[in-house]
Amino acid sequence: MTLTKHELRQGWKILAIWTACIAFLVVICIVLFPEMKSEMDGVTDMFASMGSFTQAFGMDRLSFGTLIGFYAVECGNILGLGGAFFAAFTAIAALAKEEKDRTAEFLLAHPVSRVQIISEKLAAVMVQIVVMNAVVFGLSLACIAQVGEEIQWKELCLLHMAYFLLQIELAGICFGISAFLRRGGLGLGLGIAAIAYFLNIIANISEQAEFLKYITPFGYAEGVDIVTNGCLDMTMLLPGMLYAGIGIAAAYWKYSKKDIC
């Protein structure tokens, strides 16, 4: 686990910054909810009549006057999009930075297998994602209890599980792409996360584009659907996990074929 520890030591500042930013925004939303609660009924009615915008975010199916409804939309967008950017940012650089810094040949010349190198780097990426989600989830529960609202365990756990799986999928895809990059691909990683987010918005607006939900991980991490149905949509989740597996398998294949110069 030496390489995993090394990767975690190198990336702890980035992890701390992303976690702090996402957690801060989520906490602010929760803390402000009691003051806004009395005005939320009017906000719900307003959002429910905004046509395509309403469809894009499913605001006609949830009440902003309840914490879980407010949390699914506001906090869900923060954690969903912020978490997606963090996962993509972390994974896309995992292998590409070795090529960029010209350390790949040095790393591969060590008396460890290539499988071990890939596995430990992948483990470091996953540990960072787990830590970020655990901190945000814990702070969310603490803040909900602090403001005196009931903790709806099932819905909250499902929401955070969906966001976690979304990040795992994007991390797997970006990790695979990272193995094929010779320069830093941070822009590419963030771009993939952004495109996935907007594909889901398009799928929500147009019935003809609903098939896009089987391509983007945001399709099964839709807060409105999770809270309304009380479950995750496995027909969308399983293809997503397959995409992540393909990305990770591609990274193993690429490094198994890599020549040492």
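Every chain is numbered independently, its residues counted from 1 as its sequence is written. Whole-chain, interface and lining totals are the exception, using all residues; otherwise, since this is a predicted model, local features are given only for residues with pLDDT of at least 70 and side-chain atom pairs are given and counted only at 80 or more. Excluding hydrogens and water, the side-chain values take into account all heavy atoms of the structure.

What to know about the pattern of salt bridges
Put simply, the rule reads: The term salt bridge refers to a pairing of a side-chain nitrogen on Lys or Arg with a carboxyl oxygen on Asp or Glu at a separation within 4 Å. To qualify as a helix, a DSSP run of H or I must reach at least 4 residues; to qualify as a strand, a run of E must reach at least 2; elements of each kind are numbered from the N terminus. Residue exposure (1.4 Å probe, protein chains only): buried if accessible area is under 20% of the type maximum, exposed if over 50%, otherwise partly exposed.
Within this structure, the stated rule accounts for two salt bridges. In this structure, the salt-bridge partner of E7 is K121, at a minimum N-O distance of 2.9 Å. In this pair, E7 is assigned in helix α1 (residues 2–36) and K121 in helix α7 (residues 114–146), connecting sequence segments 114 residues apart. Taken individually, E7 and K121 each receive the classification buried, so the pair is uniform in this respect.

A word on empty space enclosed by the protein
This is how the line gets drawn: A cavity, in this analysis, means grid points on a 1 Å lattice covering only the protein atoms where a 1.4 Å probe fits yet has no way out; a pocket is instead an open set bounded by protein on both sides within 12 Å along at least five of seven lines, and a residue lines either one if it has an atom within 4 Å of a point. Grid points are joined across faces, edges and corners, and a volume is the space filled by probe spheres set on the points.
Evaluated as defined, the whole model comprises two cavities of 30 Å³ or more. What the second largest cavity holds in volume is close to 40 Å³. If you trace the second largest cavity, you find it lined by L67, I68, Y71, I144, E150, Q152 and L156. A per-element tally of the lining of the second largest cavity places helix α4 (residues 67–92) first, with three residues.

Overview of the environment of Q152
Counting through the fold element by element, Q152 comes out in the loop between α7 and α8 (153–178). Taking relative accessible area as the criterion, Q152 reaches 29% and is therefore assigned partly exposed. For the pair Q152 and L141, spaced eleven residues apart in sequence, the C-alpha separation works out to 9.8 Å.

Thoughts on the environment of A221
By secondary structure assignment, the location of A221 is in the loop between α9 (186–205) and α10 (223–229). C-alpha of A221 to C-alpha of L158: the two residues are 63 residues apart in sequence and 9.2 Å apart in space.

Thoughts on the side chain of K213
The following threshold applies: Two N or O atoms count as a polar contact when they lie within 3.5 Å, although within protein this holds only if one can serve as hydrogen donor and the other as acceptor, and sequence-adjacent residues are included solely when both atoms are side-chain atoms. Note on contacts: a residue pair qualifies if any of its non-hydrogen atoms lie within 4.5 Å across the two residues.
Its place among the elements puts K213 in the loop between α9 and α10. Among the polar contacts listed, one links the side chain of K213 to the side chain of N204, at a separation of 2.7 Å. Those residues within four positions of K213 in sequence are excluded, and the remaining contacts are N200, A203, N204, G219, E222 and M236.

As for the packing of α4 against α7
Rule in force here: Note on definitions: angles span 0 to 180 degrees between N-to-C directions of axes, and those axes are lines fitted to C-alpha atoms, for helices only across the stretch in contact. An angle below 35 degrees is read as roughly parallel, one above 145 as roughly antiparallel, one from 65 to 115 as roughly perpendicular, and any other as oblique. If you view the pair so one helix is near and one far, a crossing is left-handed when the near helix is turned anticlockwise from the far one by less than a right angle, and right-handed when it is turned clockwise. Residue polarity follows a fixed list, in which Ala, Val, Leu, Ile, Met, Phe, Trp, Tyr, Cys and Pro are nonpolar, Asp, Glu, Lys and Arg are charged, and the others, Gly among them, are polar.
Two elements in contact, α4 and α7, have axes separated by 11 Å at closest approach and are oriented at 160°. Between α4 and α7, the crossing angle belongs to the class labelled roughly antiparallel. Between α4 and α7 the crossing geometry is right-handed. Together, L67, Y71, L79, G83, F86, A87, T90 and A91 of α4 and V125, Q128, I129, M132, V136, S140 and I144 of α7 make up the contact between the two elements. Across the contact of α4 with α7, the residue classes break down as eleven nonpolar, four polar and no charged.

A short note on the nonpolar core
To be explicit about the condition: What makes a nonpolar core is a set of buried Ala, Val, Leu, Ile, Met, Phe, Trp, Tyr and Cys residues whose side-chain atoms join them at distances within 4.5 Å.
Core analysis: the largest hydrophobic core is formed by 64 residues, its most contacted members being V26, I129, L159 and F175. Listing elements by their share of this core, those giving two or more residues are α1, α4, α7, α8, α9, α10 and α11 (234–257). Ranked by the residues each element gives to this core, the list is headed by α4, at 14 residues. Beyond its immediate chain neighbours, meaning those up to four positions away, I129 contacts F86, A87, F164, Q167, I168 and A171.

Some details on the confidence of the model for the protein
Residues shown with low pLDDT carry predicted positions that ought not to be read at fine detail. This is how it is decided: Scored between 0 and 100, pLDDT is the confidence that the predictor attaches to each residue.
Here the protein averages 82 in pLDDT, and 80% of its residues register 70 or above. No element of the protein has a lower mean pLDDT than helix α6 (residues 104–108), at 51, and none a higher one than α8, at 94.

Quick word on the side chain of E155
Rules: Positive charges come from Lys and Arg, negative ones from Asp and Glu, while His and the chain ends are left out of the count.
For E155, the position within the fold is in helix α8. As a buried residue without a salt bridge, E155 has its nearest oppositely charged side chain in K154, at a separation of 6.1 Å. Not counting residues up to four positions away in its chain, the partners in contact with E155 are I68 and V227.

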